[in-house]
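If you want the building blocks of each chain, they are given just below.
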Amino acid sequence: MYQDIRLRLTKLFTAVLSILLAVLLGVCFYFSTKQQFSLQLSSFTSQSYTVCESIGEQTILTSRWLASHEENAGFRIYLWDNGTELFHNADHANQLLPEYAHYLFAPAAGRTLQPCGKTGGVSVGRHGILPEVLHYQKQLVKNGSILQVCFLQSLRPLYSRIRSSLFLYFFLFLFSLCLLALFCWYFTGRLLQPLLASQESQNRFISGVSHELRTPLAVILSSASACEKAPAAEQKSFFRVIAREGAQMSDMLEQLLTLSRADSHGLELHMEETDLQTLLLETYESFLPLAAGSGHNLSIRLPESELPLCVCDQGKIRQACHVLLDNALSYTPAGSTILFFLVEDSYEREISIGVQDNGPGIPAGEKEKVFDRFYRVNPASSAVRQEKGHHGLGLAVAKEIVSAHRGTLTVSDAPGKGALFLLTLPLKP
């Protein structure tokens, strides 16, 4: 499916870009052709005027003089003295091309050389749609006689150059089209990478959910089956197991719901001014019995001075703090010391909540992965973690909560040993 979508998008983008490229090259070719024609017309007009002025100044006209000017100017010059062609040569009229003869001969005069056409200006002769010749004719009075001058220049050399330009533009279009196809193939591949990564992440997510739900469901079903056959005195223990596993499943589903809302940008935040010192103190007091029961030394450190209020969702930040403290209590051995603290960075206008322990810590290569969903540092201890109700979702949920507050959640090595989780929030999001 991925390759099919990529191929379709490549075809679509290539088609659209090729149309735009064709239009762009067509416009460039049109203006280039127009400019070449304008330059040709301007050159013909200038040279015709110059030669015509030179003829008026000459006292003696010779065929050699005429031929040299024809060769230099690149057009044919025809002269009539009182209607009689000067320097007449049988092939002179055909030196341009036979089909242009009607610009020199009157239709009723046969092959008799007679001047015709517009007098005193440049005109463009047409034979069909495209112009085929440039024509200029002028009448001069010289030594009491009427001297008529006619200049003709074929546009075929210009069209030959235009055809060469057209082939150049065409090959340029084909070459650009190949480059566009390769670029679109590469671009669509990069464009679909997030989609492919999202699909893979979704597959891993579904696989993780299925794996995590399988164990508690199996325990619940086996306990329910055993409860049917057990005496009434033993049924209470099975009910407790079912209740515990059901509570864990409910907690996991709540975490999954939070992550789902975060993915769809639907994580609702009830922002209000919050005294984080009070929030930390209340959280610390609620975790003291749990820390004492597990043999941990939990302590808190708050700034002596009063801190500014932080605009945040008090419930969500409390939930993130619970995740950090619960992880610290669950994954450090008994007798470990856990520090819960608050610090302000007045320069950056930020405030940070930290949880530091002196446990085994987290390997350097896995520090960023601990925030992935269903990720666990040590898969071998997954059974112990399952009993403690950890599914590899807590830190992912905390990360999403902090990101929704435009804050950061990072992990680093604590001084000495252990792990340090730092939750940083802007004072004014």
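Residues numbered from 1 in each chain as written. Predicted model: local features only at pLDDT ≥ 70, side-chain atom pairs only at ≥ 80, totals over all residues. Heavy atoms only, no water.

Asker: Is there a simple way to explain the overall build of the protein in this structure?
Answerer: Helix and strand counts for the protein stand at 8 helices and 12 strands. For the protein, the proportion of its 429 residues judged to be buried stands at 39%. Of the contacts formed within the protein by residues at least 6 apart in sequence, a portion of 67% connects residues at least 24 apart. For the protein, the accessible area works out to roughly 24500 Å², and carbon and sulfur atoms hold 59% of it. (Helix = DSSP H or I, 4+ residues; strand = E, 2+ residues; numbered from the N terminus. Buried < 20%, exposed > 50% of the residue type's maximum accessible area, 1.4 Å probe, protein only. Contact = heavy atoms within 4.5 Å. Areas by Shrake-Rupley, 256 points an atom, 1.4 Å probe, with all protein chains shown as cover.)

Asker: Is there a simple way to think about the confidence of the model for the protein in this case?
Answerer: Segments scoring low in pLDDT should not have their predicted coordinates read at a detailed level. When the pLDDT values of the protein are averaged, the result is 78; 79% of them are 70 or greater. Predicted confidence is poor over residues 105-120, with pLDDT under 50, and the contacts of this stretch with residues over four places away or in other chains come to 40 contacts. A low-confidence stretch, residues 379-388 stays under pLDDT 50, and its non-local contacts, those more than four residues away or across chains, total 14 contacts. (pLDDT = per-residue confidence, 0-100.)

Asker: So what exactly am I meant to see when it comes to the pairing of strand 12 (residues 419-426) here?
Answerer: With 7 of 8 residues buried, strand 12 lies mostly within the body of the structure. Pairing analysis gives 7 bridges linking strand 10 (residues 350-357) to strand 12, with the strands arranged antiparallel. Residue pairing in the sheet places Ile-351 in a bridge with Leu-425 of strand 12. Of the pairings in the sheet, the one linking strand 11 (residues 408-413) to strand 12 comprises 6 bridges and is antiparallel in character. By the bridge assignment for strand 12, Thr-410 is matched with Leu-422. (Pairing = 2+ DSSP bridges.)

Asker: I'm lost on the pattern of salt bridges in this one. Help?
Answerer: Side-chain pairing between opposite charges can occur once the charged atoms of the two side chains come close. Throughout the structure, instances matching the rule amount to 3 salt bridges. Between Glu-282 and Arg-318 there is a salt bridge, with the nearest N and O atoms lying 3.2 Å from each other. Taken together, the residues Glu-282 in helix 5 (residues 276-294) and Arg-318 in helix 6 (residues 314-330) connect sequence positions 36 residues apart. Asp-413 is paired through a salt bridge with Lys-367; the nearest N and O atoms lie 2.9 Å apart. In this pair, Asp-413 sits in strand 11 while Lys-367 sits in the loop between strand 10 and helix 7 (382-387), placing the two residues 46 residues apart along the sequence. (Salt bridge = Lys/Arg side-chain N within 4 Å of Asp/Glu carboxyl O.)

Asker: Help me understand the sheet that holds strand 9 (residues 337-345) in this model?
Answerer: Note on sheets: strands pair through backbone hydrogen bonds, and any given pair is parallel or antiparallel. Read across the open sheet, the 5 strands follow the order 7-9-10-12-11; overall the sheet is mixed. Bordering the open sheet on either side are strand 7 (297-301) and strand 11, each of which pairs with just one other strand. Mean inter-strand twist for the sheet, computed between neighbouring axes without regard to direction, equals 15°. On the sheet, helix 6 packs against strand 7, strand 9, strand 10, strand 11 and strand 12 and is oriented at approximately 20° with respect to strand 10. Where helix 8 (residues 394-404) meets the sheet, it contacts strand 11 and strand 12, and its direction lies at approximately 130° from that of strand 11. (Axes fitted to C-alpha atoms, helices over the stretch in contact; angles between N-to-C directions.)

Asker: Mind showing me how you'd approach helix 6 here?
Answerer: Quick reminder: α-helices carry 3.6 residues per turn. Residues three or four places apart thus point the same way. Here helix 6 spans 24 Å end to end across 17 residues, near enough to the 24 Å set by a 1.5 Å rise per residue. The distance from a side-chain oxygen at the start of helix 6 to the backbone nitrogen of Gly-315 is 3.1 Å, and the residue carrying that oxygen is Asp-313. (Expected span 1.5 Å × (residues − 1). Polar contact = N/O pair within 3.5 Å; in protein donor to acceptor, adjacent residues only side chain to side chain.)

Asker: What is the right way to read the nonpolar core from this model?
Answerer: Taken as a class, soluble globular proteins show a tendency for nonpolar side chains to be buried jointly. Membership of the largest hydrophobic core comes to 44 residues, with the highest contact counts inside it found for Ile-317, Phe-340, Ile-351, Ile-353, Phe-421 and Leu-423. Looking at this core, the element that brings in the most residues is helix 6, giving 8 residues. Membership of the second largest hydrophobic core comes to 22 residues, among which are Val-51, Ala-73, Leu-134 and Val-149. (Core = buried A, V, L, I, M, F, W, Y, C linked by side-chain atoms within 4.5 Å.)

Asker: Before we go on, may I ask you to explain unusual backbone geometry in this structure?
Answerer: Keep in mind that most residues, glycine aside, have a negative phi and that most peptide bonds are trans. One non-glycine residue with positive phi stands out, namely Arg-406, at about 60°. With respect to the secondary-structure elements, Arg-406 resides in the loop between helix 8 and strand 11.

Asker: Sorry, what's going on with the environment of Leu-17 here?
Answerer: When you line up the elements, Leu-17 lands in helix 1 (residues 2-57). Residues Leu-17 and Ala-181, spaced 164 residues apart in sequence, show a C-alpha to C-alpha distance of 9.3 Å. In this view, Leu-17 contacts Leu-180 and Cys-184; residues no more than four positions away in its chain are not counted.

Asker: Which parts of the structure should I look at to understand the packing of helix 5 against helix 6?
Answerer: The axes of two packed helices give the description: the angle between them and the distance between them. Two elements in contact, helix 5 and helix 6, have axes separated by 11 Å at closest approach and are oriented at 25°. Considering the angle they form, helix 5 stands roughly parallel to helix 6. Here helix 5 runs over helix 6; the crossing is right-handed. For the pair helix 5 and helix 6, contact is made by Leu-279, Glu-282, Thr-283, Ser-286, Phe-287, Leu-290, Ala-291 and Ser-294 and by Gln-314, Ile-317, Arg-318, Cys-321, His-322, Leu-325, Asp-326 and Leu-329, respectively. Looking at side-chain class alone, the contact of helix 5 with helix 6 contains 8 nonpolar, 5 polar and 3 charged residues. (Parallel < 35°, antiparallel > 145°, perpendicular 65-115°, else oblique. Left-handed = near helix turned anticlockwise from the far one by under 90°. Nonpolar A, V, L, I, M, F, W, Y, C, P; charged D, E, K, R; others polar.)

Asker: Can you walk me through the packing of aromatic side chains in this structure?
Answerer: Two aromatic rings, taken as a pair, are described by how far apart their centres are and by the angle between their planes. Under the criterion given, the structure shown has 11 aromatic pairs. For the pair Phe-44 and Phe-75, a centre-to-centre distance of 5.5 Å together with 85° between the ring planes defines the contact as edge-to-face. Here the residue Phe-44 occupies a position in helix 1, and Phe-75 occupies one in the loop between helix 2 (63-73) and strand 1 (76-81), the gap between them amounting to 31 residues. The class of Phe-75 is buried, set by a relative accessible area of 1%. With centroids separated by 5.9 Å and ring planes inclined at 65°, the aromatic side chains of Phe-170 and Phe-171 adopt a geometry described as edge-to-face. Against the face of Phe-341 rests Arg-301, its NZ or CZ located 5.0 Å from the ring centre. (Phe/Tyr/Trp six-rings, centres within 6.5 Å; stacked < 30°, edge-to-face > 60°. Lys NZ or Arg CZ within 6 Å of the ring centre and 35° of its normal.)

Asker: Even after reading the chapter, I still don't get the state of the cysteines, so can you show me in this structure?
Answerer: Two cysteines, two sulfur atoms, one covalent bond between them: this is a disulfide. Counted by the stated rule, this structure contains 0 disulfides. Cysteine Cys-310 shares no disulfide, and the gap to the nearest cysteine sulfur, in Cys-312, comes to 4.3 Å. The buried category is assigned to Cys-312, whose relative accessible area is 0%. (Disulfide = S-S within 2.5 Å.)

Asker: Honestly, the environment of Ala-320 in this entry has me stumped. Any pointers?
Answerer: With respect to the helices and strands, the residue Ala-320 is situated in helix 6. Among the residues examined, Ala-320 registers a relative accessible area of 1% and is labelled buried. For the pair Ala-320 and Gly-394, spaced 74 residues apart in the sequence, the C-alpha separation amounts to 8.2 Å. Excluding anything up to four places from it in sequence, Ala-320 contacts Ala-398 and Leu-423.

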